[in-house]
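# Tertiary structure, described
Residue strings, one per chain:
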Amino acid sequence: MAVEETHCHDHGSHKTCVAAVPIFNHLEDKQLDEIMHTVQPISYQKGEHIYYAGDKSDSLYIINSGKVRIYRLSESGKEQLVRILNPGDFTGELALFKEKTHDSYAEAVQNTGICVINRSALQSFLITYPTISLKILNELSNRLDQSEKQTTRFTTEKVERRIAFFLADCLDENDSSGEFYLPMTKKDVASYLGTTPETVSRKLTDLEEQGLIKQKPHKRIQILDVDGLLLV
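Rules of the game
Residues numbered from 1 in each chain as written. Predicted model: local features only at pLDDT ≥ 70, side-chain atom pairs only at ≥ 80, totals over all residues. Heavy atoms only, no water. UniProt positions renumbered as here; feature names shortened; annotations may be inferred. Helix = DSSP H or I, 4+ residues; strand = E, 2+ residues; numbered from the N terminus. Salt bridge = Lys/Arg side-chain N within 4 Å of Asp/Glu carboxyl O. Buried < 20%, exposed > 50% of the residue type's maximum accessible area, 1.4 Å probe, protein only. Pairing = 2+ DSSP bridges. Axes fitted to C-alpha atoms, helices over the stretch in contact; angles between N-to-C directions.

Below, the discussion takes up the UniProt feature "domain: Cyclic nucleotide-binding" (unreviewed entry) in the protein. Within this structure's numbering, the places UniProt gives as "domain: Cyclic nucleotide-binding" (unreviewed entry) are residues 23-143. Helix makes up 26% of residues 23-143 and strand 37%, with an end-to-end C-alpha separation of 14 Å.

Have a look at this one:
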């Protein structure tokens, strides 16, 4: 399926894409306009890949709309979900520091709009606006922290606790309802946590029977007892 390359002249659409990203949203309008003119918007249909492992990595990909899954394949072909990207998130940042190839796959989970900035343009912005570098380093630090937590849980925690911690991490501390929308399919949750979809479904039912969570329609989950959930 062909990728649709859109040469959009809608000033607002470009600006919304750039301004939505945490690494850029602190900049002034004039600075955003400068970055905006280097952005190439591209549309992907559900199921299409933005890039494959082994492809040359030379651009920053900003999610403008839709959703993207980043995953790796083991030597045996088993899929391991790395993260899910939503509007405002980005991938390909390691291309900013050195020439390399992608070691993972990026696939559109829904029809998705991507804003692409090539390495040379972004490196120029990093020199002109050093605050962007700090924002990128902060995001990389957060990702490293999350990756280390995930690795630790893989090696030290049983699957029930991995699922419990995942649910707790999804909870918005500012939302007193304790309710949230499951950010990915059960298949992707299983891949992310190193288990099977059947096990995820069974463990969620177990947690519900224990009175710790309540499963609701449309992938919504309510945590009824956070403290109890973290003690399973």
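This model, assessed by the stated rule, comprises 12 salt bridges. Measuring nitrogen to oxygen at the nearest pair gives 3.7 Å for the salt bridge that ties Asp 103 to Arg 72. Taken together, the residues span a long stretch of sequence, with Asp 103 in the loop between β9 (100-101) and β10 (105-108) and Arg 72 in strand β6 (residues 68-73) at a distance of 31 residues. The exposure class assigned to Asp 103 is partly exposed, which follows from its relative accessible area of 43%.

The three strands lie next to each other as β12-β14-β13, forming an open sheet whose pairing is antiparallel. Among the strands making up the open sheet, the edge pair consists of β12 (179-181) and β13 (213-216). Looking at each pair of strands side by side, their axes are set apart by 20° on average, direction ignored. For β12 and strand β14 (residues 220-223), the ladder comprises three bridges, and the chain directions are antiparallel. Residue pairing for β14: Glu 179 is matched across the bridge by Gln 222.

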